[in-house]
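Here's the letter readout for the chains.
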Amino acid sequence: MQKSPYKIWFNGELVEWEDANVHTLTHTLHYGLAVFEGIRAYKCDEERSAVFRLKEHVDRLYASGHIAHIKIPFTKEETTNAILELLSTNELDAAYIRPIAYIGGGKIGLHPGDNPIELAIAAYPWGTYLGEGALSNGITTKISSLTRMGVNSFMTKAKISGNYANSVMAKIEATSLGFDEAILLDNEGYVAEGSGENIFIVRNGILKTPPLTSVLEGITRDAVIQIAKDEGIEISTERFTRDELYIADEAFFTGTAAEITPIKEVDKRTVGSGKPGPITKKLQSRFFDIVQGRDPQFMDWLEFFLTTTPLKVKNESL
Ligand code: PMP
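Residues numbered from 1 in each chain as written. Predicted model: local features only at pLDDT ≥ 70, side-chain atom pairs only at ≥ 80, totals over all residues. Heavy atoms only, no water.

Caption draft 1: A look at the site of the ligand. Around the ligand there are 16 residues in total, and Tyr164, Glu193, Ile219, Thr220 and Thr256 lie nearest to it. In the environment of the ligand, an oxygen atom lies 2.8 Å from a nitrogen or oxygen atom belonging to the side chain of Arg60. With respect to the ligand, the side chain of Tyr164 contributes an N or O atom lying 2.4 Å from an oxygen atom. For the ligand, whose accessible area on its own is 390 Å², the fraction buried by protein is 95%. Listing elements by their share of the shell around the ligand, those giving two or more residues are α6 (219-230) and β14 (250-255). Partitioned by chemical class, the residues of the shell around the ligand number three nonpolar, eight polar and five charged. (Near = heavy atom within 4 Å. Polar contact = N/O pair within 3.5 Å; in protein donor to acceptor, adjacent residues only side chain to side chain. Areas by Shrake-Rupley, 256 points an atom, 1.4 Å probe, with all protein chains shown as cover. Helix = DSSP H or I, 4+ residues; strand = E, 2+ residues; numbered from the N terminus. Nonpolar A, V, L, I, M, F, W, Y, C, P; charged D, E, K, R; others polar.)

Caption draft 2: Region of interest: the packing of aromatic side chains. Evaluated as defined, the whole model comprises eleven aromatic pairs. Both rings, one in Trp17 and one in Tyr124, keep their centres 5.8 Å apart while their planes meet at 85 degrees; by these two values the pair is edge-to-face. Of this pair, Trp17 sits in the loop between β2 (13-16) and α1 (27-31) while Tyr124 sits in strand β7 (residues 117-124); the two residues are 107 residues apart in sequence, bridging distant segments of the chain. Put simply, the rings of Trp17, Tyr96, Tyr124, Trp126 and Tyr129 touch in pairs and so form one group of aromatic residues. Residue placement shows Arg48 over the ring face of Phe304; its charged tip is 4.3 Å from the ring centre. Here the basic side chain of Arg239 rests over the ring of Tyr190, its NZ or CZ set 3.9 Å away from the ring centre. (Phe/Tyr/Trp six-rings, centres within 6.5 Å; stacked < 30°, edge-to-face > 60°. Lys NZ or Arg CZ within 6 Å of the ring centre and 35° of its normal.)

Caption draft 3: Structural view of the side chain of Ser214. Along the chain, Ser214 turns up in the loop between β12 (206-209) and α6. Setting aside its immediate chain neighbours within four residues, Ser214 contacts Arg148, Met149, Gly150, Val151, Thr156, Asp186, Ala192 and Glu193. (Contact = heavy atoms within 4.5 Å.)

Now the structure itself:
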């Protein structure tokens, strides 16, 4: 691991980036049972930044742990405070925050027995997830040859590391074929989600997103639904097919990393005009106003913190 000026919060201690390591016989490393979160903090003004929907992310981390039989040995309050402490220690005014609770070393058989549960949190600067221009121009996508896992094989209400083997393989396949992102169908052939994003389409003025069966219960998805309602946009949670995606007027992804990223192409078919449509642009601009503290309506989604002078050296490529 390369050096970095950022500290990692590791089981209650702040350690150097390069010292936050695990043993090769860590249970999770072999079997993929860990729970994690991806959270963003945004700069609001010269003095203040805010973590977007911190409570919902911490709640989902613990819900994931509950589903996965991972009992996190810290309270929600301790984890929340650890995140805020880390942002301050790392002198960050905008950040990606990645907590992970995993099963440590001990027994290597499938049953983790009383192996310890470890909690690590990283926080570092991170720009646009899907590349330069993705937010303003949109991205290209491909329906994946991999199916999103069914509701009874993997549990999609939980953000479990092992679930992401499916996402990582879909992402590698799509990008190696020259597309920016994959779209996975569920095991009945309906559109599910991206490799790390929920998906929305607009058709005949109605905003549609798949129901929460084979997809993660995205916090940005929920934010977009609430913003759309506030904007008076008709919204329907329903299944749709890949050909409806091809003929949609607009399509976009939502996620903490992806924010609101327009989709301009699916399987070499242009979506709508091939440019971000009016509803996508409206939701996107409202979203960025909200996360940067410019919208009084959704202030309770923001956990404000005071910023000190940010570090001069920032590693964007982490
Ligand atoms: N689906 C998957 C598979 C994801 O990994 C993510 C990112 N966490 C999302 C959807 C979007 O969720 P959120 O808006 O909570 O980041």
